[in-house]
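Survey of secondary and tertiary structure
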Amino acid sequence: MNDKIKEYSSLIEEKLYKYFEASLPEYKILFDSMEYSVKNGGKRVRPLLTLLFYNACGKDDVLKAMPMAEAVEYIHTYSLIHDDLPCMDNDDFRRGKPSNHKVYGEAIALLAGDGLLTSAFERISVWSLAGLYDAETAVKAIHELSVYAGARGMIGGQIIDIGNENNPNADFDNLKLMDSLKTGCLISVACALGCIAAGASQDLIDSAKTFGEKLGLAFQIKDDILDVTSTLEKLGKMTGSDKENNKSTYVTLLGIEKCEELVKQLTDEAMNALDVFPYNEAIKEYANYLADREY
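Below, the structure is looked at part by part. (Residues numbered from 1 in each chain as written. Predicted model: local features only at pLDDT ≥ 70, side-chain atom pairs only at ≥ 80, totals over all residues. Heavy atoms only, no water.)

**Structural notes on the packing of aromatic side chains**
We apply this condition: Note on ring pairs: Phe, Tyr and Trp rings are taken, using the six-membered ring of Trp, and paired if centres are within 6.5 Å. Classes follow the plane angle, with under 30 degrees stacked, over 60 edge-to-face and the rest tilted. Numbering goes from the N terminus for both helices and strands, where a helix is a DSSP run of H or I of at least four residues and a strand is a run of E of at least two. Between buried and exposed lies partly exposed: a residue is buried under 20% and exposed over 50% of the maximum accessible area for its type, with that area taken using a 1.4 Å probe on protein chains only. Placement of a charge over a ring requires the Lys NZ or Arg CZ to be within 6 Å of the ring centre, with the centre-to-atom vector within 35 degrees of the ring normal.
Considering all chains together, one arrives at 10 aromatic pairs under this definition. Ring centres of Phe20 and Tyr74 lie 5.6 Å apart, and the angle between their planes is 55 degrees; this geometry places the pair in the tilted category. Taken together, the positions of Phe20 in the loop between α1 (3-15) and α2 (28-38) and Tyr74 in helix α4 (residues 66-84) put the pair 54 residues apart, joining distant regions of the chain. One exposure class covers both Phe20 and Tyr74, and it is buried. Where Phe172 meets Tyr250, the ring centres are 5.9 Å apart and the plane angle is 75 degrees; that geometry is what we call edge-to-face. Of the two residues, Phe172 sits in helix α9 (residues 172-197) while Tyr250 sits in helix α13 (residues 250-254), which places them 78 residues apart along the sequence. Judged by its relative accessible area of 0%, Tyr250 is buried. Arg46 extends its terminal NZ or CZ atom over the ring of Phe219, reaching a point 5.9 Å from the ring centre. Stacked on the ring of Phe219, the Lys or Arg Arg293 has its end atom at 4.0 Å from the ring centre.

Structure (structure tokens):
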């Protein structure tokens, strides 16, 4: 693995939990619940991409981009807590451990997700007020994150996903739209945030978004493959859930072999968007790693 990827991954794990250290005893359980899910492992794809794109713009002081990396991971984690709730996917496990609501109950889990969502915007704004970057940069980051994580982005994709339950007739275009929103949007904005923190041009920001859109779709198709081919021990959650929920997936529509080809095609298309970045080797290596992963 590239040294930059190792360095940034360690830095993310070091900084990600500082927010949860200060809380009043009256609502400590809320912060414990938030921290439980943030600490529950994961690949840290989104915050890592934020730091990698910051560096790809020619910047080395990645701590300047860390609040934005934290923000996008908090939003991702909130979405997982809510996804697992009985009113949504009703999953008992996440990354090999009991889901948040199985540990803290549904009410606390719901509020923990709410807390993480709003904390994301707090992280960006508070560091702008502290002088880490200017107000214009903070507003731009908050705007992009709210659009891509909101009703026209990730949450919109979740609505389509709910509509697809017990619908084995969803076609490829429907799945592509759903995953472009539900998965691709947050990965795309994670890449863009690194460029925004670096003060990059709009052209670079747009290229980062294109990379994220392609990578996000490849990532989800790979997840569909793993839902069929992997195990609970490797994946950290129950496999075969899509089949149990009678959902159409890329695998049911196209077959595993075609899906593998599509993952490679989309990953190659994502790579093409990196040509405009002066330092892109680490991102290329990471994209290939995600395409070849087993969990």
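**Thoughts on the packing of α4 against α9**
Operational definition: Lines fitted to the C-alpha atoms define the axes, with helices restricted to the stretch that makes contact. Angles between their N-to-C directions range from 0 to 180 degrees. The labels follow the angle: roughly parallel below 35 degrees, roughly antiparallel above 145, roughly perpendicular from 65 to 115, and oblique for the rest. In a left-handed crossing the near helix is turned counterclockwise from the far helix by less than a right angle, and in a right-handed crossing that turn is clockwise. Any two residues having at least one pair of non-hydrogen atoms within 4.5 Å are treated as being in contact. Side-chain classes follow a simple rule in which Ala, Val, Leu, Ile, Met, Phe, Trp, Tyr, Cys and Pro form the nonpolar group, Asp, Glu, Lys and Arg form the charged group, and the remainder, Gly included, forms the polar group.
The geometry of α4 relative to α9 is characterised by a closest axis approach of 9 Å and an angle of 165 degrees between their N-to-C directions. Viewed along their axes, α4 and α9 adopt a mutual orientation that is roughly antiparallel. In this structure, α4 meets α9 at a crossing whose hand is right-handed. Between α4, through Met68, Val72, Ile75, His76 and Asp83, and α9, the contact on the second element is made entirely by Lys182, Leu186, Val189, Ala190, Leu193 and Ala197. Of the residues belonging to the contact of α4 with α9, the class tally is eight nonpolar, one polar and two charged.

**Here's the deal with the pattern of salt bridges**
Quick note on the threshold: Salt-bridge detection follows one rule: a side-chain nitrogen of Lys or Arg within 4 Å of a carboxyl oxygen of Asp or Glu.
Evaluated as defined, the whole model comprises 14 salt bridges. Across the pair Glu35 and Lys39 runs a salt bridge whose closest N-O atoms are separated by 3.3 Å. Judged by relative accessible area, which is 44%, Lys39 ranks as partly exposed. The partner of Arg44 in a salt bridge is Glu73, with the nearest N and O atoms 2.8 Å apart. Note that Arg44 is positioned in the loop between α2 and α3 (45-56) and Glu73 in helix α4, a separation of 29 residues in sequence. Glu73 matches Arg44 in its accessibility class, with the two residues each being buried. Each of the salt bridges in this network shares a partner with another, and the network as a whole consists of Glu13, Arg44 and Glu73.

Any functional reading would require information that these geometric values do not contain.
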